[in-house]
Amino acid sequence: MPANRFYNAFDTATLHERKVFDGEYRSAFQIDRDRIMRMRSPYTHPMMRPLFFFPGLAARMRHDPARFDWVPRLEAAYPIIKAELLQALELNQGFQPYVPAEKQGKERWLVKGDHGVVFANDRDAPSMWNVMYLYMGGPVAENRALCPRTVEILESIPRFNRRAPSVFSALHPGSHIATHHGPRNGVLRVHLPLLAPRGCYLNVGSELFEWQDGKVEIFDDSFAHQAWNKSDRTRIV
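Along each chain, residues carry numbers from 1 onward, in the same order as the chain's sequence is written. Where totals are concerned, whole chains, interfaces and linings use all residues; where local detail is concerned, this predicted model gives features only for residues with pLDDT of at least 70, and gives and counts side-chain atom pairs only at 80 or more. Note that water and hydrogens are dropped before the side-chain values are worked out from all heavy atoms of the structure.

*Asks:* How should I be thinking about the pairing of strand β6 (residues 166-171) in this particular structure?
*Replies:* Looking along a regular strand, one sees side chains alternate from face to face of the sheet. Counting buried residues in β6 gives five out of six residues, a clear majority hidden from the surface. Here the rule is simple: two strands pair whenever DSSP picks up at least two bridges between them. Every helix listed is a DSSP run of H or I at least four residues long, and every strand listed is a run of E at least two residues long, numbered separately from the N terminus. Where strand β5 (residues 129-135) lies against β6, six bridges are found, and the strand directions are antiparallel. Pairing of Trp129 across the sheet is with Leu171, part of β6. Strand direction decides the pairing type here: β6 and strand β13 (residues 235-236), joined by two bridges, are antiparallel. If you follow Leu171 over to β13, its bridge partner there is Arg235. The buried label goes to any residue with under 20% of its type's maximum accessible area, the exposed label to any with over 50%, and the partly exposed label to all in between, with areas taken from a 1.4 Å probe on protein chains only.

*Asks:* How should helix α6 (residues 148-155) be read in this particular structure?
*Replies:* An α-helical turn contains 3.6 residues, so a residue and the one three or four places further along point in the same direction. Of the residues making up α6, those classed as buried are Thr150, Val151, Ile153 and Leu154. The arc enclosing the buried residues of α6, seen along the axis, measures out at 160 degrees, which places them on a common side. Where α6 is buried, its residues meet α3 (71-76), α4 (78-91), β5, α5 (141-144) and β6. It is the directions from the helix axis to the C-beta atoms whose arc is reported. Note on definitions: a residue-residue contact is assigned when non-hydrogen atoms from the two residues lie within 4.5 Å.

*Asks:* Explanation requested: the sheet that holds strand β8 (residues 189-191) in the structure shown.
*Replies:* Note on sheets: strands pair through backbone hydrogen bonds, and any given pair is parallel or antiparallel. Pairing is antiparallel in the open sheet, where three strands are placed in the order β1-β11-β8. Here the strands that pair on one side only, and so sit at the sheet edges, are β1 (62-63) and β8. Across two bridges, the pairing between β1 and strand β11 (residues 217-219) is antiparallel. Bridging from a neighbouring strand, His63 pairs with Ile218 of β11.

*Asks:* Help me understand the pattern of salt bridges, please; the structure alone is not making it clear to me.
*Replies:* Between side chains of opposite charge, a pair can form when the charged atoms approach closely. Salt bridges are identified by distance alone: a Lys or Arg side-chain nitrogen within 4 Å of an Asp or Glu carboxyl oxygen. Applying the stated criterion to the full structure yields six salt bridges. When the shortest N-O distance is used, the salt bridge between Glu155 and Arg162 registers 2.8 Å. On the basis of relative accessible area, Glu155 is assigned to the partly exposed category, the value being 36%. Salt bridges linked by common partners bring Arg62, Glu207 and Glu217 together as one network.

*Asks:* Would you mind going over the sheet that holds β5 with me for this structure?
*Replies:* Pairing in this open sheet of four strands is antiparallel, and the strands run β2-β5-β6-β13 from one edge to the other. For this open sheet the edge positions go to β2 (96-97) and β13, each flanked by a neighbour on one side alone. The pairing of β2 with β5 spans two bridges and is classified as antiparallel. Across the sheet, the residue bridging to Pro97 is Asn130, located in β5.

What follows is the structure in structure tokens.
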């Protein structure tokens, strides 16, 4: 679909009133994300908030891993993937603060300060949410070199997208990732918990569940979701 028709397919009430020469919207990145989070959802479920909506897809918060034939292979590889993660941690390589997309190019990350765990740009405060990218817009060579067998396993998954983010995600004790949502309902997120102490939770829509080591969780992140680490150890998926 041509880009100008693609942008017109969305609810234009969520777009900034800026036009280019041909009368079409300039960019989907001018979507007012905060307004979408406040407005009643026009989609197939009231807790969905995708910026890009693909009609006709099931509106399901969590998906049964048993419906995906590659999940047993991924769960069986849990010891291999965990071993490569632990080696990267021992080398103190690969991880960096997770910096979400912000308006006007501002960078913030999750830090622990005087007012609790919040998003801020305090460079002296330790990051509470760190990630190691294996893929982000394409392969990240230096990190892939640390985890060659993990990469091999990921690339064996049918329709694996080498341009989509694939990461180790570390959430430190006492952290809470506030409610947010993914950009579109055409993607399912897959978590393989590698270090999941008791007291680490993910809330997707109206469903709350606790991660378990080696047990795959699949969810639609176009639903509003949030995460907690209420344990005294770091959680990594």
